[in-house]
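Okay, here's what each chain looks like letter by letter:
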Amino acid sequence: MKLFNTLTRQLEEFEPWDSHKREVKMYCCGPTVYDYAHIGNWRTFVFADLLRRFLEFQGYVVRHVMNITDVEDKIIRRVQETGLPLRDYTARYEAAFFEDFATLRCLRPHHTPRATEHIPEIIALIQRLMERGIAYQAPDGSVYFSIEKYQAAGGRYGQLARIQLDHLRVGERVRSDEYAKETPADFALWKARCPDDGPVFWPSPWGEGRPGWHIECSAMSMKWLGPSFDLHLGGEDLIFPHHEDEIAQSEGAGLQPPGRRFVKYWVHGAFLLVEGRKMSKSLGNFYTLRDLLARGFSGREVRFTLLSGHYRETLNFTMDGLHAARQALTRLDECLSRLREIANRPSHEACSRPVPPTEPGPDLVQPFTRAMEEDLNISAAWAAVFDWVRELNRRLAAGTMSPATASAMLQQWDQVDAVLGVGERAELTPPEEILRLAQERQVARKTQDFARADALREQIRAAGWLVEDTPAGPRLKPLSPSSLQT
Ligand code: AMP
Ligand code: ZN
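Residues numbered from 1 in each chain as written. Chains lettered and ligands numbered in written order. Predicted model: local features only at pLDDT ≥ 70, side-chain atom pairs only at ≥ 80, totals over all residues. Heavy atoms only, no water.

1. Details of the environment of Trp213
Logical step 1: Tracing the chain through its elements places Trp213 in helix H6 (residues 213-225).
Logical step 2: Of the residues examined, Trp213 reaches a relative accessible area of 12% and is grouped as buried.
Logical step 3: C-alpha of Trp213 to C-alpha of Gln159: the two residues are 54 residues apart in sequence and 20 Å apart in space.
Logical step 4: Setting aside chain neighbours within four positions, we find Trp213 in contact with Thr69, Glu72, Asp177, Glu178, Leu238 and His242. (Helix = DSSP H or I, 4+ residues; strand = E, 2+ residues; numbered from the N terminus. Buried < 20%, exposed > 50% of the residue type's maximum accessible area, 1.4 Å probe, protein only. Contact = heavy atoms within 4.5 Å.)

Here is the structure:
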């Protein structure tokens with residue numbers, strides 16, 4: 001399989017570091033839980049899900065980690081505005097994120113670490129950078145990463161974003177997590193507590209404060225995947241400074257085995273535009289998934305739309321595109337339901353004319369695989385799917401489909417849909433958070449705390465799930481979007 005590596009700006013044959021070429025370690029920068037994720041964010045997460053699913057389809061065992069950024073500048077601003085404790089504020093958007101994640105049929109990552117639960121690892125990493133002389137505490141009390149010292153120690157700052165450091169103003173510092181490629185400077189690893197942070201701070205060897213955004217991802221990815229792993233994903237806006245700084249911090253700490261870098265393949269998804277423009281609240285083209293569900297679209301229709309273009313090309317999201325997705329899916333559903341009908345029929349009733357049971361159907365798996373192996377060429381993959389549907393419809397119309405062939409075709413579809421995830425009957429597994437709430441509710445019921453049990457049921461319902469108490473124990477069912485609004 002070929003993938004475009006942002007680091008080398010080349011299509012490369014994908015080969016994981018695992019000596020058995022079996023295990024793939026993949027990290028995707030997760031959401032900043034300060035608000036509902038918008039469909040631009042969703043494009044990136046659905047693309048990560050597609051890549052994971054395709055690697056699994058290829059037989060790899062993927063370890064997928066996606067962090068939750070639950071402390072950074074934007075979150076702190078909101079916490080200050082609302083007066084809520086940090087965890088109360090972020091918990092709400094984190095739960096909403098995982099609900100949307102399930103609605104879009106994204107497979108749950110194996111680990112979803114929260115930054116606030118990795119403060120010791122973050123501090124240890126900064127300490128190591130201090131010991132190596134690459135980090136320093138500035139007079140303002142904050143700890144910064146020294147690009148100059150990193151370079152002097154053999155590091156190559158700017159390798160991912162391809163920036164020239166001719167204009168680097170040595171010793172100049174930037175405290176904010178976001179800054180332009182044209183003005184690289186020493187960036188904050190640990191931000192000294194300031195009045196604007198309110199109650200959000202932790203103790204550290206450098207005084208009270210909080211981590212910078214970039215160090216959070218270095219600490220969490222290396223904790224869960226080791227100091228050197230295969231794939232690191234995110235939207236293209238993360239190339240600089242976020243991913244550049246992640247490389248600097250992680251390689252600056254020098255924990256990688258000899259000859260290995262922090263990440264083998266950097267893969268970035270292009271941006272999503274809405275009706276040809278950058279999404280913004282003032283333009284009225286800013287959509288969350290919930291906005292689209294409220295307009296009557298389903299998660300699978302949105303997923304299909306988000307997967308309609310190549311991940312390295314800008315995707316223009318339009319309402320027309322969503323309607324087209326609905327039509328395409330209907331065409332697919334109709335074909336599949338006719339196949340199911342035939343596959344379930346006793347063979348003597350299968351068709352008006354006798355057909356040999358061994359009659360082969362058109363092949364889907366091979367052309368689909370070939371397309372996806374070329375840097376996830378999704379357009380060619382969809383073309384393979386819809387050519388297949390056209391051919392099947394032709395045979396269905398001619399009445400020449402045997403039950404055996406129909407079953408074989410459905411099996412092919414199941415294989416392909418394990419990657420695409422748009423089939424009609426995708427399973428819905430409740431997110432971890434919901435399972436935890438349901439468990440808490442069981443405990444409350446057992447201790448006869450019915451008020452608490454009811455409150456938990458309500459909380460679960462608000463998150464889109466219904467608890468049904470059955471003789472075999474509680475069962476969780478997803479609520480439809482319309483019942484959520486009532
Ligand atoms: P955030 O929650 O802001 O940290 O962003 C989560 C992910 O969404 C990151 O990987 C971003 O690169 C990505 N992202 C943000 N805006 C867009 C957009 N308009 N199109 C595609 N991806 C985006
Ligand atoms: Zn990150």
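2. A short note on the confidence of the model for the protein
Logical step 1: Overall, the prediction assigns the protein a mean pLDDT of 92, with 94% of residues at 70 or greater.
Logical step 2: A low-confidence stretch, residues 481-486 (pLDDT under 50), is modelled with eight contacts involving residues beyond four sequence positions or located in other chains. (pLDDT = per-residue confidence, 0-100.)

3. A look at the pairing of strand S1 (residues 2-5)
Logical step 1: The pairing of S1 with strand S2 (residues 10-13) spans four bridges and is antiparallel. Paired with Asn5 across the two strands is Gln10, which belongs to S2.
Logical step 2: Turn length for the S1-S2 hairpin, with the two strands adjacent in sequence and antiparallel, is four residues, and the turn residue Arg9 shows positive phi of about 55 degrees. (Pairing = 2+ DSSP bridges.)

4. What to know about the site of ligand 1
Logical step 1: As a matter of local geometry, ligand 1 sits amid 15 residues, with Thr32, Gly40, Thr44, Asp237 and Leu272 nearest to it.
Logical step 2: Thr44 is positioned with one of its side-chain polar atoms (N or O) 2.7 Å from a nitrogen atom of ligand 1.
Logical step 3: The separation between an oxygen atom of ligand 1 and a polar side-chain atom of Asp237 is 2.3 Å.
Logical step 4: For ligand 1, whose unbound accessible area comes to 500 Å², protein coverage reaches 89%. (Near = heavy atom within 4 Å. Polar contact = N/O pair within 3.5 Å; in protein donor to acceptor, adjacent residues only side chain to side chain. Areas by Shrake-Rupley, 256 points an atom, 1.4 Å probe, with all protein chains shown as cover.)

5. Some remarks on the domain arrangement of the protein
Logical step 1: Domains assigned within the protein are domain 1 (2-269), domain 2 (318-420) and domain 3 (432-484).
Logical step 2: Measuring from the centre of the C-alpha atoms in domain 1 to the corresponding centre in domain 3 gives 34 Å.
Logical step 3: Contacts between domain 1 and domain 3 engage four residues on the former and five residues on the latter.
Logical step 4: Summing both partners gives a buried area of about 410 Å² for domain 1 against domain 3, and 40% of it is carried by carbon and sulfur.
Logical step 5: Among the residues domain 1 hides against domain 3, the three largest losses belong to Ala95, Glu99 and Arg108. Together they make up 71% of the total.
Logical step 6: Here domain 1 and domain 3 share zero salt bridges between them.
Logical step 7: Where domain 1 touches domain 3, the interface holds zero residue pairs in polar contact (both at pLDDT 80 or more).
Logical step 8: The residue makeup of the side of domain 1 that touches domain 3, split by class, is one nonpolar, no polar and three charged. (Domains from an automatic or database assignment. Buried area = accessible area lost by both parts, 1.4 Å probe. Salt bridge = Lys/Arg side-chain N within 4 Å of Asp/Glu carboxyl O. Nonpolar A, V, L, I, M, F, W, Y, C, P; charged D, E, K, R; others polar.)

6. Some words on unusual backbone geometry
Logical step 1: The omega torsion across Phe240 and Pro241 is 0 degrees, close enough to zero to call that bond cis.
Logical step 2: Relative to the helices and strands, Pro241 is located in helix H7 (residues 239-252).
Logical step 3: With a phi angle near 55 degrees, Asp375 is a residue other than glycine that sits in the positive phi range.
Logical step 4: Mapped onto the elements, Asp375 comes out in the loop between helix H11 (365-373) and helix H12 (378-398).
Logical step 5: Owing to a relative accessible area of 3%, Asp375 belongs among the buried residues under this scheme.

7. Topic: the coordination of the zinc ion (ligand 2)
Four donors placed tetrahedrally around a metal ideally meet at 109.5 degrees, and six donors placed octahedrally ideally meet at 90 or 180 degrees.
Logical step 1: Around the zinc ion (ligand 2), the protein contributes the donor atoms Cys29 (SG), Cys217 (SG) and His242 (NE2), at 2.0 to 2.1 Å from the metal centre.
Logical step 2: Each donor residue of the zinc ion (ligand 2) lies on the same chain, and together they follow the pattern C-x187-C-x24-H. Of this pair, Cys29 sits in the loop between strand S3 (23-28) and helix H1 (39-57) while His242 sits in helix H7, placing them 213 residues apart in sequence. Across this residue pair, the class does not change: Cys29 and His242 are buried. (Donors = N, O, S within 2.8 Å, 3.2 Å for Na, K, Ca; no water.)

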